[in-house]
Amino acid sequence: MISMLGEISELIRYTKCTTEEILSRLAADISYNELLNSIGRELYPDESKLLDDTLSKLGTTDSEGQLAMIGYSVSRFRSMKEAAEAAQKEKCRLYEVLGFMSGAFLAVLLI
């Protein structure tokens, strides 16, 4: 999502593309097309809402306003990414400890 928003930002900043041109260029790229099709289905609700809001507001302001809106969305997605990484790290640690303790219990049981 961050990469796609960066691509949109580049298209707005350097080529001054319209919203339709931006969406058609994104749809032409396989990975971005899959991401656009997964809105509301495979993404978490807060991610889906943020991405949908950002894409729906494209073309409603001047280019500087759009770039500021995209910058805000990128910062929100980065904070979501950091929170997900922290949660994953915590859960991985839990599973490692659980596996070790299960192995130790099984070893004691077999002895």
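So, here is what we can say about the structure in this document.

## Comments concerning the packing of helix 1 (residues 2–15) against helix 3 (residues 30–37)
- Relative to each other, helix 1 and helix 3 sit at 110°, their axes nearing to 10 Å. Put simply, helix 1 runs roughly perpendicular to helix 3. Residues Ser3, Met4 and Glu7 of helix 1 form the contact with helix 3, whose participating residues are Tyr32, Leu35 and Leu36.
- When grouped by side-chain class, the residues that make up the contact of helix 1 with helix 3 number 4 nonpolar, 1 polar and 1 charged.

## Overview of the packing of helix 1 against helix 2 (residues 19–28)
- Following both chains from N to C, one finds helix 1 and helix 2 inclined at 135°, their axes separated by 11 Å at the closest point. Considering the angle they form, helix 1 stands oblique to helix 2. Along this stretch, helix 1 crosses helix 2, giving a crossing that reads as right-handed. Where helix 1 abuts helix 2, its residues Met4, Glu7, Ile8, Leu11, Ile12 and Thr15 lie against Ile22, Arg25 and Leu26.
- Looking at the contact of helix 1 with helix 2 residue by residue, the class counts come to 6 nonpolar, 1 polar and 2 charged.

## Digging into the pattern of salt bridges
- On inspection of all chains with the given rule, the structure shows 3 salt bridges.
- The salt bridge involving Lys81 is made with Glu85; its shortest N-O contact spans 3.8 Å. With a gap of 4 residues between them, Lys81 and Glu85 both fall in helix 5 (residues 63–110), about one helical turn apart.
- When its relative accessible area of 47% is taken as the criterion, Lys81 is described as partly exposed.
- A relative accessible area of 41% places Glu85 in the partly exposed class.
- A salt bridge links Arg93 to Glu96; the shortest N-O distance between them is 3.8 Å. Residue Arg93 and its partner Glu96 are located together in helix 5, separated by 3 residues, close to a single helical turn.
- Residue Arg93 is classed as exposed on the basis of its relative accessible area, which comes to 53%.

Scoring rules and cut-offs
- Residues numbered from 1 in each chain as written.
- Predicted model: local features only at pLDDT ≥ 70, side-chain atom pairs only at ≥ 80, totals over all residues.
- Heavy atoms only, no water.
- Axes fitted to C-alpha atoms, helices over the stretch in contact; angles between N-to-C directions.
- Helix = DSSP H or I, 4+ residues; strand = E, 2+ residues; numbered from the N terminus.
- Parallel < 35°, antiparallel > 145°, perpendicular 65-115°, else oblique.
- Contact = heavy atoms within 4.5 Å.
- Nonpolar A, V, L, I, M, F, W, Y, C, P; charged D, E, K, R; others polar.
- Left-handed = near helix turned anticlockwise from the far one by under 90°.
- Salt bridge = Lys/Arg side-chain N within 4 Å of Asp/Glu carboxyl O.
- Buried < 20%, exposed > 50% of the residue type's maximum accessible area, 1.4 Å probe, protein only.

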